[in-house]
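Close look at the chain arrangement
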Amino acid sequence: MNTDLKRCSWCGSDPLYVKYHDEEWGKEVHDDNVLFEFLILESAQAGLSWITILKRRENYRKAFAEFDPVKVAEFTQEDVERLMNDTGIIRNRMKIEAAITNAQRFLEVQKEFGSFDKYMYSFMPEGKPLVNDLADHRHAPAKTEISDAISKDMKKRGFKFFGSTICYAHMQATGMVNDHIAGCSFR
(Lines give C-alpha, C1' and ligand atoms only; values in the text may rest on other atoms or scores of the structure.)
Protein backbone atom coordinates (compact mmCIF):
# COMPACT_ATOMS: atom_id res chain seq x y z
CA MET A 1 0.00 0.00 0.00
CA ASN A 2 1.47 3.35 -1.04
CA THR A 3 1.65 5.55 2.06
CA ASP A 4 2.25 8.74 0.02
CA LEU A 5 -1.35 8.64 -1.12
CA LYS A 6 -3.96 10.57 0.85
CA ARG A 7 -7.19 8.74 1.61
CA CYS A 8 -10.45 9.46 3.34
CA SER A 9 -9.87 8.36 6.94
CA TRP A 10 -13.04 6.23 7.14
CA CYS A 11 -11.42 3.38 5.21
CA GLY A 12 -8.74 2.85 7.85
CA SER A 13 -6.04 0.31 7.02
CA ASP A 14 -8.02 -2.87 6.33
CA PRO A 15 -6.79 -3.93 2.84
CA LEU A 16 -10.34 -4.81 1.69
CA TYR A 17 -11.68 -1.45 2.82
CA VAL A 18 -8.74 0.44 1.28
CA LYS A 19 -9.20 -1.38 -2.05
CA TYR A 20 -12.93 -0.57 -2.00
CA HIS A 21 -12.19 3.10 -1.21
CA ASP A 22 -9.51 3.39 -3.89
CA GLU A 23 -11.20 1.50 -6.71
CA GLU A 24 -14.97 1.78 -6.25
CA TRP A 25 -16.38 4.23 -3.72
CA GLY A 26 -17.43 7.48 -5.33
CA LYS A 27 -16.64 6.28 -8.86
CA GLU A 28 -19.47 6.85 -11.33
CA VAL A 29 -21.36 3.65 -12.19
CA HIS A 30 -23.98 3.44 -14.94
CA ASP A 31 -24.11 -0.36 -15.27
CA ASP A 32 -27.48 -1.65 -14.03
CA ASN A 33 -25.92 -4.93 -12.89
CA VAL A 34 -23.53 -3.07 -10.57
CA LEU A 35 -26.33 -0.78 -9.41
CA PHE A 36 -28.37 -3.88 -8.55
CA GLU A 37 -25.42 -5.39 -6.67
CA PHE A 38 -25.18 -2.27 -4.51
CA LEU A 39 -28.96 -2.23 -4.03
CA ILE A 40 -28.70 -5.73 -2.52
CA LEU A 41 -25.55 -4.98 -0.50
CA GLU A 42 -26.63 -1.59 0.85
CA SER A 43 -30.02 -3.00 1.88
CA ALA A 44 -28.27 -5.88 3.66
CA GLN A 45 -26.05 -3.36 5.44
CA ALA A 46 -28.97 -1.59 7.18
CA GLY A 47 -28.03 -1.34 10.85
CA LEU A 48 -24.58 -2.86 10.30
CA SER A 49 -21.16 -1.55 9.35
CA TRP A 50 -20.22 -1.54 5.67
CA ILE A 51 -17.10 -3.62 6.33
CA THR A 52 -19.38 -6.38 7.70
CA ILE A 53 -21.05 -6.61 4.29
CA LEU A 54 -17.89 -5.97 2.27
CA LYS A 55 -16.23 -8.99 3.91
CA ARG A 56 -19.23 -11.11 2.84
CA ARG A 57 -19.55 -9.62 -0.66
CA GLU A 58 -18.41 -12.74 -2.53
CA ASN A 59 -20.74 -14.86 -0.42
CA TYR A 60 -23.59 -12.53 -1.37
CA ARG A 61 -22.55 -12.84 -5.01
CA LYS A 62 -22.88 -16.65 -4.83
CA ALA A 63 -26.04 -16.59 -2.71
CA PHE A 64 -27.81 -14.08 -4.96
CA ALA A 65 -27.13 -15.58 -8.39
CA GLU A 66 -24.15 -13.36 -9.25
CA PHE A 67 -26.46 -10.37 -8.58
CA ASP A 68 -28.62 -11.20 -11.59
CA PRO A 69 -31.91 -9.33 -10.93
CA VAL A 70 -33.92 -11.62 -13.23
CA LYS A 71 -32.81 -14.73 -11.33
CA VAL A 72 -33.20 -13.13 -7.90
CA ALA A 73 -36.71 -11.90 -8.80
CA GLU A 74 -37.66 -15.55 -9.38
CA PHE A 75 -36.41 -16.78 -5.99
CA THR A 76 -38.99 -18.83 -4.11
CA GLN A 77 -39.71 -19.54 -0.46
CA GLU A 78 -37.36 -22.50 -0.86
CA ASP A 79 -34.60 -20.06 -1.82
CA VAL A 80 -35.41 -17.93 1.22
CA GLU A 81 -34.94 -21.00 3.44
CA ARG A 82 -31.68 -21.88 1.66
CA LEU A 83 -30.42 -18.34 2.27
CA MET A 84 -31.53 -18.44 5.92
CA ASN A 85 -29.11 -21.36 6.33
CA ASP A 86 -26.24 -19.67 4.46
CA THR A 87 -23.65 -18.67 7.08
CA GLY A 88 -21.80 -16.57 4.49
CA ILE A 89 -24.44 -13.83 4.47
CA ILE A 90 -26.45 -11.93 7.06
CA ARG A 91 -29.29 -14.32 7.82
CA ASN A 92 -32.11 -11.88 8.34
CA ARG A 93 -35.37 -13.12 6.81
CA MET A 94 -36.76 -9.61 6.27
CA LYS A 95 -33.61 -8.51 4.41
CA ILE A 96 -33.53 -11.68 2.31
CA GLU A 97 -37.19 -11.31 1.36
CA ALA A 98 -36.58 -7.60 0.67
CA ALA A 99 -33.78 -8.53 -1.76
CA ILE A 100 -36.23 -10.65 -3.76
CA THR A 101 -38.91 -7.95 -3.68
CA ASN A 102 -36.35 -5.32 -4.66
CA ALA A 103 -35.23 -7.43 -7.62
CA GLN A 104 -38.84 -7.56 -8.84
CA ARG A 105 -39.27 -3.78 -8.38
CA PHE A 106 -35.84 -3.19 -10.03
CA LEU A 107 -37.05 -5.02 -13.16
CA GLU A 108 -40.24 -2.94 -13.19
CA VAL A 109 -38.20 0.27 -13.00
CA GLN A 110 -35.93 -0.94 -15.82
CA LYS A 111 -38.98 -1.62 -17.97
CA GLU A 112 -40.53 1.77 -17.22
CA PHE A 113 -37.38 3.92 -17.56
CA GLY A 114 -35.22 1.84 -19.91
CA SER A 115 -32.66 1.32 -17.15
CA PHE A 116 -32.36 1.63 -13.39
CA ASP A 117 -29.53 4.09 -14.04
CA LYS A 118 -31.85 6.44 -15.96
CA TYR A 119 -34.37 6.23 -13.13
CA MET A 120 -31.78 7.09 -10.45
CA TYR A 121 -30.26 9.94 -12.45
CA SER A 122 -33.69 11.40 -13.17
CA PHE A 123 -33.51 12.72 -9.59
CA MET A 124 -30.10 14.35 -10.06
CA PRO A 125 -29.72 18.03 -11.02
CA GLU A 126 -29.20 18.07 -14.79
CA GLY A 127 -28.86 14.27 -14.62
CA LYS A 128 -25.28 14.62 -13.38
CA PRO A 129 -23.44 13.37 -10.29
CA LEU A 130 -22.64 15.77 -7.47
CA VAL A 131 -19.10 16.40 -6.24
CA ASN A 132 -19.02 17.69 -2.69
CA ASP A 133 -16.11 19.66 -1.30
CA LEU A 134 -15.57 18.12 2.13
CA ALA A 135 -12.62 18.89 4.39
CA ASP A 136 -13.48 15.94 6.64
CA HIS A 137 -15.59 12.83 5.97
CA ARG A 138 -17.54 13.56 9.15
CA HIS A 139 -19.04 16.54 7.30
CA ALA A 140 -20.70 14.26 4.74
CA PRO A 141 -24.44 14.16 5.22
CA ALA A 142 -26.20 10.93 6.14
CA LYS A 143 -29.00 11.85 3.75
CA THR A 144 -30.08 14.72 1.52
CA GLU A 145 -33.21 16.08 -0.13
CA ILE A 146 -32.31 14.02 -3.21
CA SER A 147 -31.90 10.77 -1.25
CA ASP A 148 -35.16 11.61 0.57
CA ALA A 149 -36.94 11.99 -2.79
CA ILE A 150 -35.46 8.80 -4.28
CA SER A 151 -36.19 6.66 -1.23
CA LYS A 152 -39.72 8.06 -0.96
CA ASP A 153 -40.38 7.22 -4.61
CA MET A 154 -38.81 3.77 -4.26
CA LYS A 155 -40.94 3.07 -1.17
CA LYS A 156 -44.07 4.01 -3.19
CA ARG A 157 -42.90 1.54 -5.84
CA GLY A 158 -42.61 -1.20 -3.21
CA PHE A 159 -38.86 -1.31 -2.54
CA LYS A 160 -37.86 -2.43 0.97
CA PHE A 161 -34.90 -1.59 3.22
CA PHE A 162 -34.01 1.47 1.17
CA GLY A 163 -34.63 4.49 3.37
CA SER A 164 -32.97 7.83 2.76
CA THR A 165 -29.75 6.99 4.66
CA ILE A 166 -29.28 3.71 2.78
CA CYS A 167 -30.14 5.51 -0.45
CA TYR A 168 -27.46 8.12 0.21
CA ALA A 169 -24.91 5.38 0.93
CA HIS A 170 -25.90 3.79 -2.41
CA MET A 171 -25.42 7.15 -4.11
CA GLN A 172 -21.96 7.50 -2.56
CA ALA A 173 -20.97 3.93 -3.44
CA THR A 174 -22.00 4.30 -7.08
CA GLY A 175 -20.63 7.80 -7.65
CA MET A 176 -23.92 9.65 -7.91
CA VAL A 177 -22.30 11.67 -5.15
CA ASN A 178 -18.55 12.01 -4.70
CA ASP A 179 -17.86 12.53 -1.00
CA HIS A 180 -14.12 11.88 -1.10
CA ILE A 181 -12.49 14.57 1.02
CA ALA A 182 -10.66 17.41 -0.68
CA GLY A 183 -7.10 16.26 -1.21
CA CYS A 184 -7.97 12.56 -1.33
CA SER A 185 -5.81 10.92 -4.02
CA PHE A 186 -8.85 8.95 -5.22
CA ARG A 187 -11.30 11.83 -5.60
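Before reading on, note that the structure itself is shown above.
Residues numbered from 1 in each chain as written. Predicted model: local features only at pLDDT ≥ 70, side-chain atom pairs only at ≥ 80, totals over all residues. Heavy atoms only, no water.

1. Some thoughts on the nonpolar core
In plain terms, the rule: What we call a nonpolar core is a set of buried Ala, Val, Leu, Ile, Met, Phe, Trp, Tyr and Cys residues that are connected through their side-chain atoms within 4.5 Å. The cut-offs for exposure are 20% and 50% of the maximum accessible area for each residue type, with area from a 1.4 Å probe on protein chains only; residues under the lower value are buried, those over the upper are exposed, and the others partly exposed. Numbering of helices and strands runs from the N terminus, with a helix taken as a DSSP run of H or I at least four residues long and a strand as a DSSP run of E at least two residues long. Only heavy atoms matter for contacts: two residues are in contact if any of them lie within 4.5 Å across the pair.
Ranked by size, the top nonpolar core spans 58 residues in total, and within it Tyr60, Phe64, Phe116, Met154 and Met171 carry the most contacts. Tallying contributions element by element places helix H2 (residues 32-45) first for this core, with seven residues. With residues near it in sequence (within four places) discarded, Met171 still touches Met124, Ile146, Ser147, Ile150, Met176 and Val177.

2. So, the side chain of His180
Inclusion rule: Definition of a polar contact: a pair of N or O atoms within 3.5 Å, with one able to donate and the other able to accept a hydrogen when the atoms are protein atoms, and with sequence-neighbouring residues admitted only if both atoms are side-chain atoms.
Inspection of the secondary structure assignment puts His180 in the segment after strand E2 (177-178). Looking at His180, the relative accessible area reads 0%, which means it is buried. A distance of 3.2 Å separates a polar atom in the side chain of His180 from a polar atom in the side chain of His21.

3. Comments concerning the packing of H2 against helix H7 (residues 93-113)
Note the cut-off: Fitting a line to C-alpha atoms yields each axis, with helices limited to the stretch in contact; the angle taken between N-to-C directions then spans 0 to 180 degrees. Between 65 and 115 degrees an angle is taken as roughly perpendicular, under 35 as roughly parallel, over 145 as roughly antiparallel, and anywhere else as oblique. Helix crossings are classified by the rotation of the near helix relative to the far one: an anticlockwise turn of less than a right angle makes the crossing left-handed, while a clockwise turn makes it right-handed.
Following both chains from N to C, one finds H2 and H7 inclined at 150 degrees, their axes separated by 10 Å at the closest point. As far as their axial angle goes, H7 and H2 are roughly antiparallel. Here the hand of the crossing between H2 and H7 comes out right-handed. When H2 is examined against H7, the residues Asp32, Phe36, Leu39, Ile40, Ser43, Ala44 and Gln45 are found in contact with a partner set consisting of Lys95, Ala99, Asn102, Ala103, Phe106 and Gln110.

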